[in-house]
Structures are given as structure tokens and as C-alpha cells.
Amino acid sequence: MEKKIGRGQFSEVYRATCLRDGKAVALKKVQLFEMLDAKARQDCIKEIDLLKVSRRERGGGSTEL
């Protein structure tokens, strides 16, 4: 991770470099356990799962931190 480039209520976004190919990427760090609203937490988990599927379909795979 190189630098924080954004922040939301429950997440932070960082600029990083992919170790495999050297391309610039964005990493989103989500603080699920800080969410008190169960529906918001479930919606966030669904979004994460959707991004994993989308990345796999493009042939990239996914990495969890």
C-alpha cells in the first residue's frame, strides 16, 4: 500500500501496486465489525462477494487481507 486516497464511514481506500504485474490498483479496507446496523453489514458483505465473483470471471482471482 502506498497512500490513503479516500475514506468513507466504514472503509478506507488505498493506492497500491500489484505485486504480480506492477499495475496500479485500489484496495478498499472495510471495517465490517464497526458497523452496528446488521442490514448495512449484510449489504456490504454482498457487495464484497459480488466483487469477488466479478474479478474471478475476468480471470484475476481475489485476495483478502
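Small disclaimer: the values here were computed from a predicted structure and weren't measured.

Analysis parameters
- Residues numbered from 1 in each chain as written.
- Predicted model: local features only at pLDDT ≥ 70, side-chain atom pairs only at ≥ 80, totals over all residues.
- Heavy atoms only, no water.
- Helix = DSSP H or I, 4+ residues; strand = E, 2+ residues; numbered from the N terminus.
- Buried < 20%, exposed > 50% of the residue type's maximum accessible area, 1.4 Å probe, protein only.
- Contact = heavy atoms within 4.5 Å.
- Areas by Shrake-Rupley, 256 points an atom, 1.4 Å probe, with all protein chains shown as cover.
- Pairing = 2+ DSSP bridges.
- Axes fitted to C-alpha atoms, helices over the stretch in contact; angles between N-to-C directions.
- UniProt positions renumbered as here; feature names shortened; annotations may be inferred.

**Some remarks on the overall build of the protein chain**
Scanning the protein chain from N- to C-terminus turns up 1 helix and 3 strands. When its helices and strands are written in sequence order, the protein chain yields β-β-β-α. Here the protein chain holds 65 residues, and the buried ones make up 12% of them. For the protein chain, the proportion of contacts with a sequence separation of at least 24, taken over those separated by at least 6, is 10%. Accessible surface computed for the protein chain: about 5,600 Å², of which carbon and sulfur atoms make up 54%.

**Regarding the sheet that holds strand β1 (residues 3-7)**
Spatial strand order, β1-β2-β3: 3 strands in an open sheet with antiparallel pairing. The open sheet has two edge strands, β1 and β3 (24-30), and neither has a second partner. On average, each strand axis in the sheet is tilted by 30° relative to the strand beside it, whichever way the strands run. Pairing geometry for β1 and strand β2 (residues 11-17), over 4 bridges, is antiparallel. Within β2, the position partnered with Lys3 by the bridge is Arg15.

**Focus on the UniProt feature "binding site: ATP" (unreviewed entry) in the protein chain**
Within this structure's numbering, the places UniProt gives as "binding site: ATP" (unreviewed entry) are Lys28. Summarising the element assignment, Lys28 is placed in strand β3. With residues near it in sequence (within four places) discarded, Lys28 still touches Ser11, Glu12, Val13 and Glu47.

**Here's the deal with the pairing of β3**
Judged from the 7 bridges that link them, β2 and β3 form a sheet pairing that is antiparallel. Across the sheet, the residue bridging to Ser11 is Val30, located in β3. With antiparallel pairing between neighbouring strands as the criterion, β2 and β3 make up a hairpin whose turn holds 6 residues, including Gly22 at a positive phi of roughly 80°.

**Description of the side chain of Ser11**
With respect to the helices, strands and loops of the structure, Ser11 is situated in strand β2. Relative accessible area serves as the criterion here: at 13%, Ser11 is assigned to the buried category. Setting aside residues no more than four positions away along its own chain, Ser11 makes contact with Lys28, Lys29 and Val30.

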